[in-house]
Amino acid sequence: MTIAICIGSSCHLKGSEELVTMFEKAIEENGLQDRIELVGSFCLSRCNREGVTIKVDEKIYPGINRENFGLFFRDVILTQFK
């Protein structure tokens, strides 16, 4: 699985750097280092006011932030490894 985090200027201002750290920690805590590739991406063309845009393989998820990260990781990422 490849997770691309937008690091373009808009998403950077909305906390993409913090989300990178959160993803790194969650991936390690769940032992998925060998199964997930975490990469940065420039604009994914789904900017919104609520958060950062994330692309998981070919699906795009806008509006990810510190508050909804846990649910996103559990419901979108971890469910693909069960």
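What comes next concerns the included structure. (Residues numbered from 1 in each chain as written. Predicted model: local features only at pLDDT ≥ 70, side-chain atom pairs only at ≥ 80, totals over all residues. Heavy atoms only, no water.)

1. Overview of the packing of helix α2 (residues 16-29) against helix α3 (residues 69-77)
For the pair α2 and α3, interaxial distance at closest approach is 11 Å and the crossing angle is 50 degrees. Comparing the axis directions of α2 and α3 gives the class oblique. Viewed along their axes, α2 and α3 form a crossing whose handedness is right-handed. On α3, the residues that touch Leu19, Met22, Phe23, Ala26 and Ile27 of α2 are Phe69, Phe72, Phe73 and Ile77. When grouped by side-chain class, the residues that make up the contact of α2 with α3 number nine nonpolar, no polar and no charged. (Axes fitted to C-alpha atoms, helices over the stretch in contact; angles between N-to-C directions. Helix = DSSP H or I, 4+ residues; strand = E, 2+ residues; numbered from the N terminus. Parallel < 35°, antiparallel > 145°, perpendicular 65-115°, else oblique. Left-handed = near helix turned anticlockwise from the far one by under 90°. Contact = heavy atoms within 4.5 Å. Nonpolar A, V, L, I, M, F, W, Y, C, P; charged D, E, K, R; others polar.)

2. Details of the nonpolar core
If you look at the biggest cluster of nonpolar residues, it comprises 23 residues, and the most contacted ones within it are Ile3, Phe23, Ile54, Val56, Phe72, Phe73 and Ile77. Listing elements by their share of this core, those giving two or more residues are β1 (2-6), α2, β3 (52-56), β4 (59-64) and α3. When residues of this core are assigned to their parent elements, the largest contribution, five residues, is made by α3. Ignoring sequence-local partners within four residues, the contact set of Phe73 consists of Phe23, Ala26, Ile27, Asn30, Leu32 and Leu78. (Core = buried A, V, L, I, M, F, W, Y, C linked by side-chain atoms within 4.5 Å. Buried < 20%, exposed > 50% of the residue type's maximum accessible area, 1.4 Å probe, protein only.)

3. Some details on the pairing of β1
When you tally the buried positions in β1, you get four out of five residues, the bulk of the element. Alignment of β1 against strand β2 (residues 37-41), held across five bridges, turns out to be parallel. Opposite Thr2, over in β2, you have Glu37 as the bridge partner. Pairing between β1 and β3: three bridges, direction antiparallel. Following the sheet pairing, Ile5 is matched in β3 by Ile54. (Pairing = 2+ DSSP bridges.)

Keep in mind that these numbers describe shape and distance, not what the molecule does.
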